[in-house]
Amino acid sequence: MSLRPNLKIDVFPALQDNYGFLIQDQATGKTAIIDAPEPRAITARLDAWGVGLDYILNTHWHPDHAGGNVLIQKRYGAVIYGPPEVRRIAPLDHVLEPGDVFHLGDTRLDVIDLGGHTLGHIGYIDAAGGNAFVADTIFPLGCGRLFEGTPAQMWGALKRIADLPDETRLYSAHEYSLSNLKFAEHLGINPALSTRADIIRAKRAAGEPTVPSTVAEEKATNPFLVYPLQETDFDAQAAKFGELRRAKDCF
Ligand code: ZN
Ligand code: FE
């Protein structure tokens, strides 16, 4: 499959350690943000691009993801799509469920179930362009906390990400790489991890984001994929994952 890159993507910092994502379909000019972390940061990017905003696409209900819905919609008239759980804290115009397809102009985004961090967490996959917006499910060398779901549910979500094509870029919603790196190194150092550690430390020293990473990088070095995938069946993988997640929670 050859990639047909049709999305322009801007990764920008917001709040303490969040990333916001402004995306634009190049064929039609339609714009969207994946989540609405911080209105001021979003407005600054839209101004820099000189564009308005057509849509907000939420991934889950947490305030650092949906907290900007009200102000951004008010300012730009953007239409809000997302999982029903967003209504716990913010307005939502249209509900999206796993299996749904959202069209940003000519770009097709497939909605997938990434429940675990929250029960209704969803991801947006641009398969043609090789982009996956995964928010708080997987991070470079890490994964989201289990606030609502079970280890088996979160492992299912991580497995769906691991099963995407190797070159897929993963747009995670936080910059946690340095702390994730410490935990990964604590579990065991290998050549692939050492190489990646150098790259991550250099990027952070230069103030650059470590997002996006790729499926291939995470499968090679992310302990939350590497160790569970050494087990043979789903239940053993989920159990191993749960063990690692608990260890990280008190690391
Ligand atoms: Zn979250
Ligand atoms: Fe978050």
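Above this text you will find the structure in question.
Residues numbered from 1 in each chain as written. Chains lettered and ligands numbered in written order. Predicted model: local features only at pLDDT ≥ 70, side-chain atom pairs only at ≥ 80, totals over all residues. Heavy atoms only, no water.

Caption draft 1: The arrangement of the coordination of the iron ion (ligand 2) in detail. Coordination of the iron ion (ligand 2) by the protein involves D64 (OD), H65 (NE2), D136 (OD) and H174 (NE2), with metal-donor separations of 2.1 to 2.3 Å. Seen from the iron ion (ligand 2), its four donor atoms lie at angles of 85 to 170°, and the figure they make is irregular. Read N to C, the donor residues that coordinate the iron ion (ligand 2) are spaced as D-H-x70-D-x37-H. The distance between the iron ion (ligand 2) and the zinc ion (ligand 1) is 3.0 Å, with D136 acting as a donor to both metals. (Donors = N, O, S within 2.8 Å, 3.2 Å for Na, K, Ca; no water. Tetrahedral: all angles 85-135°; square planar, octahedral: opposite > 155°, others 65-115°.)

Caption draft 2: Quick look at the environment of C250. Position of C250 relative to the elements: it lies in the segment after α9 (234-249). For C250, a relative accessible area of 67% translates into the label exposed. Between the alpha carbons of C250 and N69 there is a distance of 33 Å; along the sequence they are 181 residues apart. (Helix = DSSP H or I, 4+ residues; strand = E, 2+ residues; numbered from the N terminus. Buried < 20%, exposed > 50% of the residue type's maximum accessible area, 1.4 Å probe, protein only.)

Caption draft 3: How the structure looks around the coordination of the zinc ion (ligand 1). Looking at the metal site, the zinc ion (ligand 1) is ligated by H60 (NE2), H62 (ND1), H117 (NE2) and D136 (OD), spaced 2.2 to 2.3 Å from it. Note that the zinc ion (ligand 1) binds four donor atoms; their angles at the metal cover 86 to 174°, and the shape is irregular. Between consecutive donors of the zinc ion (ligand 1), the numbers of intervening residues give the motif H-x1-H-x54-H-x18-D.

Caption draft 4: Spatial organisation of the sheet that holds strand β3 (residues 31-34). Strand order across the open sheet formed by six strands is β1-β2-β3-β4-β5-β6, with mixed pairing between neighbours. Here the strands that pair on one side only, and so sit at the sheet edges, are β1 (7-14) and β6 (94-95). The pairing of β3 with strand β4 (residues 55-57) spans three bridges and is classified as parallel. Each bridged residue has a counterpart across the sheet, and for I34 the counterpart in β4 is L57. Against the sheet, helix α1 (residues 39-49) contacts β1, β2 (18-25) and β3, and its axis sits at roughly 140° relative to β1. (Pairing = 2+ DSSP bridges. Contact = heavy atoms within 4.5 Å. Axes fitted to C-alpha atoms, helices over the stretch in contact; angles between N-to-C directions.)

Caption draft 5: A look at the sheet that holds strand β13 (residues 169-172). On the basis of which strands lie adjacent, the open sheet formed by six strands has the order β7-β8-β9-β10-β13-β14 and mixed pairing. What marks the edges here is a single partner per strand, and that holds for β7 (101-104) and β14 (213-214).

Caption draft 6: Broad picture of the packing of aromatic side chains. This model, assessed by the stated rule, comprises 11 aromatic pairs. Consider the rings of F183 and F224, whose centres lie 5.9 Å apart with planes at 20°: the pair is stacked. Of the two residues, F183 sits in helix α5 (residues 177-187) while F224 sits in helix α8 (residues 223-226), which places them 41 residues apart along the sequence. Assigned by exposure class, F183 and F224 land together as buried. Connected via pairs of aromatic rings, a cluster forms that spans W155, F183, F224, F241 and F251. (Phe/Tyr/Trp six-rings, centres within 6.5 Å; stacked < 30°, edge-to-face > 60°.)

Caption draft 7: A look at the environment of K203. By the secondary structure assignment, K203 is in helix α6 (residues 191-205). Residues K203 and Q230, spaced 27 residues apart in sequence, show a C-alpha to C-alpha distance of 30 Å. Contacts of K203, omitting those with residues within four sequence positions, involve E208, P209 and T210.

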